[in-house]
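Each chain, written out:
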Amino acid sequence: QVQVEESGGGLVQSGGSLTLTCAASGSISSILAMAWHRQGPGENREMVAWMNNIGGTTYSDRVKGRFTISRDIRKKTAFLRMNSLKSEDTAVYYCRVTLRSTPTSPPSDYWGQGTQVTVSS
């Protein structure tokens, strides 16, 4: 069994910063990628940042230059540093972890329950 848990959400003023943390635990052989997605009110879920196992990254155009994804491989943890926050960044932020449970199992995605980020204008 695999668990994914996000933390660090909260209320922040426009222009402020916040750092989210995603921790994966359980039956994990290798992590292939970790990503952050978000779903704002009345919106579809969108990917905002993604990092693979060799450090390659991809960002949504909406957050590029303001958000930074990073990771601690040993601790199976990813971070999302969010700067210059705007009201439109208000959303529930979800962590997605792509991993193998055993050396020969196919990759599978696991999601956390989400953490609320609210940016007040």
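Before reading on, note that the structure itself is shown above.
What you see is a predicted model; the values in this text were computed from it and never measured. (Residues numbered from 1 in each chain as written. Predicted model: local features only at pLDDT ≥ 70, side-chain atom pairs only at ≥ 80, totals over all residues. Heavy atoms only, no water.)

Caption draft 1: Focus on the packing of aromatic side chains. Enumeration according to the criterion identifies zero aromatic pairs in this entry. The ring centre of Tyr94 lies 3.7 Å from the NZ or CZ of Arg45, which sits over that ring. The residue whose ring lies beneath Arg45 is Trp111, and the NZ or CZ to ring-centre distance is 4.8 Å. (Phe/Tyr/Trp six-rings, centres within 6.5 Å; stacked < 30°, edge-to-face > 60°. Lys NZ or Arg CZ within 6 Å of the ring centre and 35° of its normal.)

Caption draft 2: Structural view of the sheet that holds strand 3 (residues 18–26). Strand order in the open sheet formed by four strands is 1-3-8-7, and the pairing between neighbours is antiparallel. On the outer flanks of this sheet lie strand 1 (2–7) and strand 7 (67–72), each paired with one strand and no other. Pairs of neighbouring strands in the sheet enclose a mean axial angle of 15°, with direction left out of account. Note: strand 1 against strand 3, six bridges, orientation antiparallel. By the bridge assignment for strand 3, Glu6 is matched with Cys22. (Pairing = 2+ DSSP bridges. Helix = DSSP H or I, 4+ residues; strand = E, 2+ residues; numbered from the N terminus. Axes fitted to C-alpha atoms, helices over the stretch in contact; angles between N-to-C directions.)

Caption draft 3: Molecular detail of the pairing of strand 3. One ladder, built from six bridges, connects strand 3 with strand 8 (residues 77–82); its direction is antiparallel. Across the sheet, Ala23 pairs through a bridge with Thr77, a residue of strand 8.

Caption draft 4: Quick peek at the side chain of Thr115. Summarising the element assignment, Thr115 is placed in strand 11 (residues 115–120). At a separation of 3.2 Å, a polar atom in the side chain of Thr115 contacts the main-chain amide nitrogen of Gly9. If we ignore the near neighbours within four places in the chain, the residues touching Thr115 are Glu6, Ser7, Gly8, Gly9, Leu20, Ala91, Val92 and Tyr93. (Polar contact = N/O pair within 3.5 Å; in protein donor to acceptor, adjacent residues only side chain to side chain. Contact = heavy atoms within 4.5 Å.)

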